[in-house]
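Okay, here's what each chain looks like letter by letter:
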Amino acid sequence: MPAELNTVEGMPLHIAPDRQTTGASAAGSAARTIRAAIQARGEARIVLASAPSQEEMLANLVTDESVDWSRVHAFHMDEYVGLPYGHPRSFAQWLHDRLPRTALGSFHPLRPGADPAAEARRYAALLASGPIDLTCLGIGVNGHIAFNEPGDTRFDDPVAVRVVALDEASRRQQVDEGLFDSMTEVPTHAVTLTVPALLRAGTVVVTVHGRHKAAAVAGALTGPVDPACPASALRTHPAVVWHLDAAAASLLER
């Protein structure tokens, strides 16, 4: 069954019966943006999330033969502080394992290392060296985007990348989704792109699965636009496309 098309405040909202269909639909949106950027400028610069919500989207996207991956330059939006580069639970490694490495134009990993603040500055400069065409992200159970946490987020943040402390709900989500075995293993800090950096992209594709995300989705789409729900900032962007499975959309009026 194809995704059902709705709108919220003018934003396209595709609701599909399952995560496989949702992922394929989101990949289609992402691929169209990438192709348009390559046609216009000869390359595409994209920011990707590293999360279970992105599995099906990325699996469909990287096998899309209409995308010339040699012209795609990929960045990611957050990374734990305290995990060595190449750690199997790092976000950079998660993406590295899923991107088409032999064909990709380039992949620029975050490497917090011993000086996360210096890495934040380096990565901000790298992002600023050209346009960002696409951001692909999910939202957290507490409404975070990247690791911009409720109560610790500015929609007008003056920097593009910063070091942050992780909310307990965000850390718990990593365990609940099977990414870590226990809370004691989950790092307490991360380097993250800020809200303005995420929304600098020409297009934002949002993919969310699961009943456990339904309250966050409803808050982001129908609640106040407020840093208490960082994902609500997506409503300020002129080109956001949402892709939800039926469970994630279950608290929305349709």
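Residues numbered from 1 in each chain as written. Predicted model: local features only at pLDDT ≥ 70, side-chain atom pairs only at ≥ 80, totals over all residues. Heavy atoms only, no water.

Things to note about the overall build of the protein
Helix and strand counts for the protein stand at 7 helices and 11 strands. Computed over its C-alpha atoms, the radius of gyration of the protein comes to 17 Å, within 12% of the 18 Å expected for a compact globule of 254 residues. Projected onto its principal axes, the C-alpha positions of the protein cover 50 × 40 × 35 Å. Contacts in the protein between residues at least 24 apart in sequence constitute 78% of all its contacts with a sequence separation of at least 6. With the model as given, the accessible surface of the protein reaches about 10500 Å², and the carbon-plus-sulfur share is 52%. Charge separation in the protein, taken as the distance between the mean sites of 21 positive and 28 negative side-chain charges, equals 4 Å. (Helix = DSSP H or I, 4+ residues; strand = E, 2+ residues; numbered from the N terminus. Rg over C-alpha atoms; globule rule 2.2 N^0.38 Å. Contact = heavy atoms within 4.5 Å. Areas by Shrake-Rupley, 256 points an atom, 1.4 Å probe, with all protein chains shown as cover. Lys, Arg positive; Asp, Glu negative; His and termini not counted. Charge placed at Lys NZ, Arg CZ, Asp CG, Glu CD.)

Comments concerning the packing of aromatic side chains
Here the distance between the centres and the angle between the planes together describe a pair of aromatic rings. Evaluated as defined, the whole model comprises 5 aromatic pairs. Between F75 and Y123, the aromatic rings sit 6.1 Å apart at their centres with planes inclined by 80°, giving edge-to-face as the arrangement. Linking F75 in strand β4 (residues 72-76) with Y123 in helix α4 (residues 116-128), this pair joins segments that are 48 residues apart in sequence. Note on accessibility: F75 and Y123 belong to one class, buried. Connected via pairs of aromatic rings, a cluster forms that spans Y80, F91, F147 and F180. (Phe/Tyr/Trp six-rings, centres within 6.5 Å; stacked < 30°, edge-to-face > 60°. Buried < 20%, exposed > 50% of the residue type's maximum accessible area, 1.4 Å probe, protein only.)

Here's the deal with the pairing of strand β9 (residues 189-193)
The element β9 is extensively covered by neighbouring structure, given that 4 of its 5 residues are classed as buried. Across 5 bridges, strand β8 (residues 161-165) lies against β9 in antiparallel orientation. By the bridge assignment, V161 is partnered in β9 with L193. (Pairing = 2+ DSSP bridges.)

Digging into the nonpolar core
With 44 residues, the main nonpolar core has L137, I139, V206, L234, W242 and L244 as its most contacted residues. Contributions of two or more residues to this core are made by β2 (11-16), α4, β9, α6 (195-198), β10 (203-208), α7 (214-222) and β11 (240-245). When residues in this core are grouped by element, the largest group, 5 residues, is from α7. Apart from residues lying up to four places away in sequence, V206 is in contact with L137, I139, L234, V240, V241, W242 and H243. (Core = buried A, V, L, I, M, F, W, Y, C linked by side-chain atoms within 4.5 Å.)

Considerations on the sheet that holds strand β3 (residues 44-48)
Ordered by their spatial adjacency, 8 strands build an open sheet running β1-β2-β11-β10-β7-β3-β4-β6, and the pairing between neighbours is mixed. The strands lining the two open edges of the sheet, one partner per strand, are β1 (4-8) and β6 (106-108). Taking each pair of neighbouring strands and ignoring which way they run, the sheet shows an average axis angle of 20°. Alignment of β3 against strand β7 (residues 134-137), held across 3 bridges, turns out to be parallel. (Axes fitted to C-alpha atoms, helices over the stretch in contact; angles between N-to-C directions.)

Concerning the environment of N6
For N6, the location among the structural elements is in strand β1. Since its relative accessible area comes to 17%, N6 is described here as buried. Sequence spacing of N6 and W242 is 236 residues, and the spatial spacing of their C-alpha atoms is 9.6 Å. When sequence neighbours within four positions are dropped, the list of residues in contact with N6 reads M11, P12, L13 and I15.

Points about empty space enclosed by the protein
Tallied over the entire structure, the rule returns 1 cavity of 30 Å³ or more. One number sums up the size of the largest cavity: a volume of about 210 Å³. The wall of the largest cavity is formed by 20 residues, among which S50, A51, H144, A146 and Q173 lie closest to the centre. (1 Å grid on protein atoms, 1.4 Å probe; cavity = no way out; pocket = protein on both sides within 12 Å on 5 of 7 lines; lining within 4 Å. Points joined across faces, edges and corners; volume = space filled by probe spheres on them.)

Some words on the side chain of T33
If you trace the backbone, T33 turns up in helix α1 (residues 19-41). T33 gets classed as buried once you look at its relative accessible area, which sits at 15%. Not counting chain neighbours up to four residues away, the residues in contact with T33 comprise D133, L134 and T203.

What to know about the environment of A117
Here A117 is to be found in helix α4. Relative accessible area serves as the criterion here: at 36%, A117 is assigned to the partly exposed category.

Concerning the pattern of salt bridges
For side chains of opposite charge, pairing can occur when their charged atoms come near one another. Inspection of the entire model under this criterion finds 12 salt bridges. Ionic pairing is found between D133 and R41, a salt bridge with its closest N-O pair at 2.6 Å. Of this pair, D133 sits in the loop between α4 and β7 while R41 is found in helix α1, placing the two residues 92 residues apart along the sequence. Residues E55 and R98 are paired through a salt bridge, measuring 2.8 Å at the closest nitrogen-oxygen approach. Of this pair, E55 sits in helix α2 (residues 55-62) while R98 sits in the loop between α3 (91-96) and β6, and the two are 43 residues apart along the sequence. The exposure class of E55 is partly exposed, given its relative accessible area of 30%. One connected set of salt bridges, linked through shared partners, spans R41, E43 and D133. (Salt bridge = Lys/Arg side-chain N within 4 Å of Asp/Glu carboxyl O.)

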